[in-house]
Amino acid sequence: MTNTADTPASAPSSPRSSPAARAAVVDGLPGMPPVTNARNLYHAAGANMLSDVVKKDRPLVYVPHSESGDVWVIDPKTFEVVSKHKAGIEVQHVVPSYDMRTLYATDDIGDQMLPFDPATGKAGKPFPVIDPYNMYFTPDGKSAISVAERLKKLVWYDPETWEIQAETQTPNCAGIDHGTFTMDGRTAAFSCEWAGRVAVVDVASKKLLRMIDMPQRNTHMGPQDVALSPDGQRIYIADCDADGLWVLDGAATKVERSIPTGDCAHGLYFDREAKRLFVTNRLEGSISVLDAYTGEAITKWHIPGGGSPDMGNLTADGKQLWLSGRYHNEVYVLSTQDGSLIKRIPVGRGPHGLTVWPQPGRYSIGHTGITR
């Protein structure tokens, strides 16, 4: 096992454009790769649909730790930890860049990000970013958004130069942390964990449009991960205190209903066919499996011996779901066929938003590798 924290990696990368194979079916944000399948926004991120830019990247899993301040790197074939990198004080997520050429470990307390070269798995030099609890990229690739949780704002950066473009103040969104973009890419919705709300932002103007209160405003561990349904008709919001999901309409104007899942619903991930939605129930040690379009319950998987499944992603082939065990200092590898536990891997303290690499898709909107 090696420590390569001082090994150079490529500089922060610029967004790339992706030509569409067919005509667009959605009037999208200018510069955004066209949506060509209105039934499945994630159709280009199907099993093994790796773009040329990631095909030669080294398959690795990057595990950030909010307590030990480092990133552990795991070989997904052997399940062995192959390197460890000091990455800051409180490292929350490992986020793929829009063009999928750099991975960023976000340190919100140290106000910095540590870049990794996904071709080699080697880390570069950290650079300053304001309070990057989480990081997203606009669907046109023109902005990186630091979700500044402690400062209650979004900080918009040029993703090539990392110069600040703008700031969106969200004073009534305590605990702003996770987000998504509507199918047309023109609107973003961010959860407010400690306010029981969602902040809705216009992407082009970078202005706050409205706040939407949840029917029950949970303010301890309330609204958390956010995901857009494959057809763009609804936005799912995990709420830990509600033990389930809130469902907004696809334009992010109102709450339509709720879906019970389990104790402390937290992370949201679609399977490679975008037919199932996996919901991690962090305090229950379970994963609820829902219909991706309707939210109807299909089944529930329980981790043998318990656990605290938090955040992660699927392998490129879609056969495995990797999740951090937030309160158990471990990583779980589950079969997406039947939910059986393939491996339990001991890691550092407070594993959080892990990233599985490479990922299929044309571009990344950030977080733990949400691609379209």
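Residues numbered from 1 in each chain as written. Predicted model: local features only at pLDDT ≥ 70, side-chain atom pairs only at ≥ 80, totals over all residues. Heavy atoms only, no water.

Caption draft 1: Main features of the pairing of strand 12 (residues 164-169). Bridging between strand 11 (residues 153-157) and strand 12 involves 5 bridges; their strand directions are antiparallel. When the sheet's bridge partners are listed, Trp 156 is paired in strand 12 with Ala 166. Hairpin connection of strand 11 to strand 12: 6 residues between the antiparallel strands, including Trp 162 at a positive phi of 60°. (Pairing = 2+ DSSP bridges. Helix = DSSP H or I, 4+ residues; strand = E, 2+ residues; numbered from the N terminus.)

Caption draft 2: Structural view of the confidence of the model for the protein. Here the protein averages 94 in pLDDT, while 94% of its residues score no lower than 70. Contacts of residues 1-21 to residues separated by more than four positions or lying in other chains number 63 contacts, the stretch itself having pLDDT below 50. (pLDDT = per-residue confidence, 0-100. Contact = heavy atoms within 4.5 Å.)

Caption draft 3: How the structure looks around the pairing of strand 11. Burial analysis of strand 11 places 5 of its 5 residues in the buried class, the great majority of the element. For strand 10 (residues 144-148) and strand 11, the ladder comprises 5 bridges, and the chain directions are antiparallel. What sits directly across from Ala 148, in strand 11, is Lys 153. (Buried < 20%, exposed > 50% of the residue type's maximum accessible area, 1.4 Å probe, protein only.)

Caption draft 4: Local environment of the nonpolar core. If you look at the biggest cluster of nonpolar residues, it comprises 64 residues, and the most contacted ones within it are Trp 162 and Leu 245. Apart from residues lying up to four places away in sequence, Leu 245 is in contact with Tyr 236, Ile 237, Ala 238, Arg 257, Ser 258, Ile 259, Thr 261, Ala 265, Leu 268, Leu 277, Val 279 and Leu 290. Of all hydrophobic cores here, the second largest spans 15 residues; its members include Leu 60, Tyr 62, Val 71 and Val 73. (Core = buried A, V, L, I, M, F, W, Y, C linked by side-chain atoms within 4.5 Å.)

Caption draft 5: View of the state of the cysteines. All told, the structure shown has 2 disulfides when counted by the stated rule. Disulfide pairing is shown between Cys 173 and Cys 192; the S-S distance is 1.9 Å. Judged by the sign of its S-S torsion, about -105°, the cystine formed by Cys 173 and Cys 192 is left-handed. Here Cys 192 lies in strand 14 (residues 187-192) and Cys 173 lies in the loop between strand 12 and strand 13 (176-181), a separation of 19 residues in the sequence. Judged on exposure class, the residue Cys 173 and its partner Cys 192 are both buried. Residue Cys 240 pairs covalently with Cys 264 via a disulfide, S to S 1.9 Å. Across the S-S bond of Cys 240 and Cys 264 the torsion is about -110°, and the bridge reads as left-handed. (Disulfide = S-S within 2.5 Å.)

Caption draft 6: Representation of the packing of aromatic side chains. The final tally for this structure, using the stated rule, is 10 aromatic pairs. With a centroid separation of 5.5 Å and an interplanar angle of 80°, the aromatic rings of Tyr 104 and Trp 162 are classed as edge-to-face. Here Trp 162 lies in the loop between strand 11 and strand 12 and Tyr 104 lies in strand 5 (residues 103-107), a separation of 58 residues in the sequence. A single burial state applies to Tyr 104 and to Trp 162, both of which are buried. Over the face of the ring belonging to Tyr 293 we find Arg 39, whose NZ or CZ atom lies 3.8 Å from the ring centre. (Phe/Tyr/Trp six-rings, centres within 6.5 Å; stacked < 30°, edge-to-face > 60°. Lys NZ or Arg CZ within 6 Å of the ring centre and 35° of its normal.)

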